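# Commentary on secondary and tertiary structure
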Amino acid sequence: DTGLNGSRNYVLPNASGTLALTSDLALKQDKPITIKLSGDVTTTSASSSAITGLLATLEANTNYIITGVLRSRCGGAGGVRYGMTLVSGGTSIISAQGKGTVGSGAIPLEEYYFTQSGTLTATALVRVATALSDVYLNGNINVGATAGTIQLNFASASGGETSTIYQFGTWIEIKKVV
């Protein structure tokens, strides 16, 4: 059956199990939020620094899936550490996968997690001076009763080394789980 605005109607069980008429507009999932950098972001600090521009405002009482790529380079052999600042009461488990060392031949990916707001990965990735490497993000964010903004962060594992997240090749996508 066709409803208003060309939508289709379906008879589906609702949350209590009763059959109810539902339009495909009600079933439509939100489109993902895709965020790209407007320029390169650099730090020499061993403390957590914002990856300026990689932030998103999320709804309260909602779960999200996050994926992305951080194109990274460290000016020294210390490497780059990654993390996220969450909204108050939010929880996450985010995997950061990338090469710890970079070179020729098969180099296995290493995986580290950041699960607490403001906490960086315990071990740095991209630990070869001046090597450019992609770090892949994948995980879940659960926003509690307080809506707010999440912010991706990074730091040089060894203070004084220049770490850079590059505009080209860096992006995140955040999708609400309905």
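This write-up is about the structure you can find in this document. Since we're looking at a predicted model, the values are computed, not measured. (Residues numbered from 1 in each chain as written. Predicted model: local features only at pLDDT ≥ 70, side-chain atom pairs only at ≥ 80, totals over all residues. Heavy atoms only, no water.)

From N to C terminus, the protein chain includes one helix and 13 strands. Reading the protein chain from its N end, one meets helices and strands in the order β-β-α-β-β-β-β-β-β-β-β-β-β-β. When the 178 residues of the protein chain are sorted by exposure, 39% land in the buried category. In the protein chain, the share of contacts with a sequence separation of at least 24, taken over all contacts with a separation of at least 6, comes to 77%. Per element, the accessible surface of the protein chain, about 9,100 Å² overall, is 52% carbon and sulfur. (Helix = DSSP H or I, 4+ residues; strand = E, 2+ residues; numbered from the N terminus. Buried < 20%, exposed > 50% of the residue type's maximum accessible area, 1.4 Å probe, protein only. Contact = heavy atoms within 4.5 Å. Areas by Shrake-Rupley, 256 points an atom, 1.4 Å probe, with all protein chains shown as cover.)

Right, let's get into the nonpolar core. Buried together is how nonpolar side chains tend to be arranged in soluble globular proteins. Within the largest apolar cluster, 32 residues are counted, with the highest numbers of intra-cluster contacts made by I51, Y82, M84, I141 and I150. Those elements giving two or more residues to this core turn out to be β5 (49–58), β6 (62–74), β7 (80–85), β8 (91–99), β9 (109–114), β10 (132–143), β11 (148–156) and β13 (171–177). In this view, I150 contacts L54, L55, A56, L58, M84, T85, L86, V87, I141 and I174; residues no more than four positions away in its chain are not counted. (Core = buried A, V, L, I, M, F, W, Y, C linked by side-chain atoms within 4.5 Å.)

Bringing the sheet that holds β7 into the picture now. What the three strands build is an open sheet, ordered β5-β11-β7; its pairing is antiparallel. Strands with a single pairing partner mark the edges of an open sheet, and in this sheet they are β5 and β7. Going from strand to strand, the sheet's axes swing by 20 degrees on average, the running direction of each strand aside. (Pairing = 2+ DSSP bridges. Axes fitted to C-alpha atoms, helices over the stretch in contact; angles between N-to-C directions.)

This next bit is on the pattern of salt bridges. Going through the model one piece at a time under the given rule, you end up with three salt bridges. The partner of D134 in a salt bridge is R71, and the shortest N-O contact between them spans 2.7 Å. One end of the pair, D134, is in strand β10; the other, R71, is in strand β6, with 63 residues separating them in the sequence. A salt bridge links R127 to E110, with the nearest nitrogen and oxygen atoms 2.9 Å apart. On the criterion of sequence distance, the pair formed by R127 in the loop between β9 and β10 and E110 in strand β9 is long-range, its members being 17 residues apart. (Salt bridge = Lys/Arg side-chain N within 4 Å of Asp/Glu carboxyl O.)

Attention now goes to the pairing of β13. Residue alternation in β13 divides its side chains into a buried set, I172, I174 and K176, and an unburied set, W171, E173, K175 and V177. Pairing between strand β3 (residues 33–36) and β13: four bridges, direction antiparallel. Counted as the bridge partner of I33 is I174 from β13. As paired strands, β6 and β13 are joined by seven bridges and run antiparallel to one another.

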